[in-house]
Each structure stands twice: as structure tokens, then as C-alpha cells.
Amino acid sequence: AGEARAGGGRKQPGSGKNTMGDLSRTPAAETLSQLGQTLQSLKTRLENLEQYSRLNSSSQTNSLKDLLQSKIDDLERQVLSRVNTLEEGKGGPRNDTEERVKIESALTSLHQRISELEKGQKDNRPGDKFQLTFPLRTNYMYAKVKKSLPEMYAFTVCMWLKSSAAPGVGTPFSYAVPGQANELVLIEWGNNPMEILINDKVAKLPFVINDGQWHHICVTWTTRDGVWEAYQDGTQGGNGENLAPYHPIKPQGVLVLGQEQDTLGGGFDATQAFVGELAHFNIWDRKLTPGEVYNLATCSPKALSGNVIAWAESHIEIYGGATKWTFEACRQIN
């Protein structure tokens, strides 16, 4: 999807090394060189598609493969037509023939890899080994958790985040209920510190995460006296009380990842959108112990899944161009 840049732009694909070699800059050869760069771009997209396909066997994946196959077919016709023209119109066909061999070899390789994808080869990877990527600050990229929350008198919410967005990483998640859009929200907006909102009441959190590295964060809370604790990378960094005391989290709401809701399930504001990557979003209806939080942050085999919301592909719907890729943080730790 490209990396987010100031002004909402993106790095363009195909900017890697030209695989066609050094060509003389005649108009025809210039076109051939551009097609070579397009081939490189398609290779990069195909590599991403292969990774995506290992996680999804959905109709969306199949349509992406079909689209890519069609583009490769079109490219093949253009390139071979161009090379034929060069061979017929130039005095030195030897070099042009060599270029044709290179092109045909590259296309054959692409076709073979497409065929491997279509055979449905995939890893038997557990359904929780994925991350969501929100590459741009928009009001339309988000993910929706299919389950709602029950009434809760205590909770722990934990997740992995990676972002370099500034100012503010945005809204990793928001939970809205009828009559209260800010029932439970985690947000870092503008130059403010990250905050947790419960029933519109606010506590400022000590998190510092927008360094482009993966960080594990947890917030615990109990309705009794509104006591809360904040953990970053397995270590408690802050705590407080009187955060919406004696207010249970209301049930039957909408839980969204990547956007702040101003209305139930919508009313998104691009300036509050999360930019970065998010994984292993879990919710429990109790306060986890420091040891349990540490196990999560260190990717321990003893780490628990949320008993209210557990991170699983089958629990998440994505919209607007947000994407799923393989989760890397625990692999790096281990």
C-alpha cells in the first residue's frame, strides 16, 4: 500500500531497480525500459499477494489474483509487440533478441508463481498470526470487530502497535454504544498524550510509541473507584483512579479498530484516524496481573487470549483498503 507521507501522498510502486538492463534511449527502447519497470512493480505486488494469500483464501484474494493475471497478460502482449518492432526496425537484432529472452523469462517466472498461488498452497498458520495495516490517515480505512462487548465492571485491553505517525498516532480503537459515542476509546490526537476515554471521562496515559517500532500496550480498569493501570512493553508505566468510577461498560455497542466514532459505527474524522499497524487486540472482563501482561508482551507460550474479544481473523471485517499481513513482532522477539 505504500508508506504514508506528509500530505497524504504515497511512494509510487515500481521505483526499484530496472530489471531490463541498460537500454539505449531511443523512444522505442525508452518504452521498453518503462515496461521493465512495470514488470518489477508487478513482481513486488505479486510478492505481497503471495503473503496475503497465505492468510486468506477469500473471494477478495481470488479477484486480486485474477486482476494481476490480467495485467501480466496485457504486459506480455505489449512487451513482445515492442520487441518485435525493435527487431524488425533495427540493424542490431542480437541485443534486442537478448532483451526479448530476458522479458520472456521474467514473464514465465511470473506465470509460474501465479500458478502456484492458484493451486491454493498456503501455510497452516494459526488464525491469530496477522496484523492490520492502516497506511494513510483517512476517514474510510477501518476494521470492525464482529462481536460486541458485554456489560463489564472491569476490563483489560491489550494490543501490539507500530506507528511513526505525527502528530499523534490516532485512534487504535473505539467502542460506541447507543447514546454514547465515547464509551471506551483509546486515542492520541494532535500533540496530546495518548488517552483512554470511558463514558467520556479521560485519563492521560504515559505511552510513547510513535517511533516506528512494535510496542505492546495494555490498560486495565475496574469500576470500583475507577482504578486504572497502563503497561508498555510489559512494564507498568502509570496508574490512577477516579476514571468513570461505578460506571459499567455498556453492552451492545460497535467496536471499531483504526477510527474514532462520533456516531454509532460511523462519523469518522480523518484527523483522528490511526496510522500504522495493529495486532493481537484482546479484551478481558477482568484486571490481568502484571505477570500475565508480561507474558503477552514477551510472546510467551503462556500468554492468554482475551476471554471477551480474542484476536482472530474470523472475528474481524476490514474496510476501505486496510489490509492484513503476517504479524512479525513476536517472530522478532523469539
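Above this note sits the structure.
So, here is what we can say about the structure in this document. Bear in mind the structure is a predicted one, so any value in this text is a computation, not a measurement.

**Digging into the overall build of the protein chain**
Each helix and strand counted, the protein chain has 5 helices and 14 strands in total. In the protein chain, buried positions account for 48% of the 334 residues. Of all intrachain contacts in the protein chain linking residues separated by at least 6 positions in sequence, the fraction that spans at least 24 positions is 68%.

**What to know about the state of the cysteines**
Taken as a whole, this structure holds 2 disulfides when the rule is applied. Paired through a disulfide, Cys 158 and Cys 218 show a sulfur-sulfur distance of 1.9 Å. A torsion of 115° about the S-S bond marks the disulfide between Cys 158 and Cys 218 as right-handed. Taken as a pair, Cys 158 in strand 3 (residues 154-162) and Cys 218 in strand 8 (residues 214-222) lie far apart in primary sequence, 60 residues in all. The residues Cys 158 and Cys 218 share a single accessibility class, namely buried. Here Cys 299 connects covalently by a disulfide to Cys 330, the sulfurs 2.1 Å from one another.

**Notes on the environment of Gly 127**
Position of Gly 127 relative to the elements: it lies in the loop between helix 3 (93-118) and strand 1 (130-134). Through-space distance from the C-alpha of Gly 127 to that of Ser 314 is 7.7 Å; in sequence the pair is 187 residues apart. Those residues within four positions of Gly 127 in sequence are excluded, and the remaining contacts are Ala 312 and Glu 313.

**Some details on the sheet that holds strand 11 (residues 254-257)**
Pairing is antiparallel across the open sheet formed by 7 strands, whose spatial order is 7-6-5-4-11-2-13. Strand pairing shows two members of the sheet lacking a second neighbour, strand 7 (201-204) and strand 13 (316-319), which therefore form its edges. In this sheet, neighbouring strand axes are inclined to one another by 20° on average, regardless of whether the strands run parallel or antiparallel. Note: strand 4 (residues 170-177) against strand 5 (residues 180-188), 5 bridges, orientation antiparallel. Pairing of Gly 170 across the sheet is with Glu 188, part of strand 5.

**A few points about the side chain of Gln 259**
Within the secondary structure, Gln 259 is located in the loop between strand 11 and strand 12 (276-284). Among the polar contacts made by the side chain of Gln 259, one reaches the main-chain carbonyl oxygen of Thr 138 at a distance of 2.8 Å. Apart from residues no more than four positions distant in its own chain, Gln 259 is found in contact with Thr 138, Asn 139, Tyr 140, Met 141, Tyr 142, Thr 171, Phe 173, Ser 174, Phe 268, Asp 269 and Ala 273.

Calculation criteria
- Residues numbered from 1 in each chain as written.
- Predicted model: local features only at pLDDT ≥ 70, side-chain atom pairs only at ≥ 80, totals over all residues.
- Heavy atoms only, no water.
- Helix = DSSP H or I, 4+ residues; strand = E, 2+ residues; numbered from the N terminus.
- Buried < 20%, exposed > 50% of the residue type's maximum accessible area, 1.4 Å probe, protein only.
- Contact = heavy atoms within 4.5 Å.
- Disulfide = S-S within 2.5 Å.
- Pairing = 2+ DSSP bridges.
- Axes fitted to C-alpha atoms, helices over the stretch in contact; angles between N-to-C directions.
- Polar contact = N/O pair within 3.5 Å; in protein donor to acceptor, adjacent residues only side chain to side chain.

So yeah, pure geometry; function would need other evidence.
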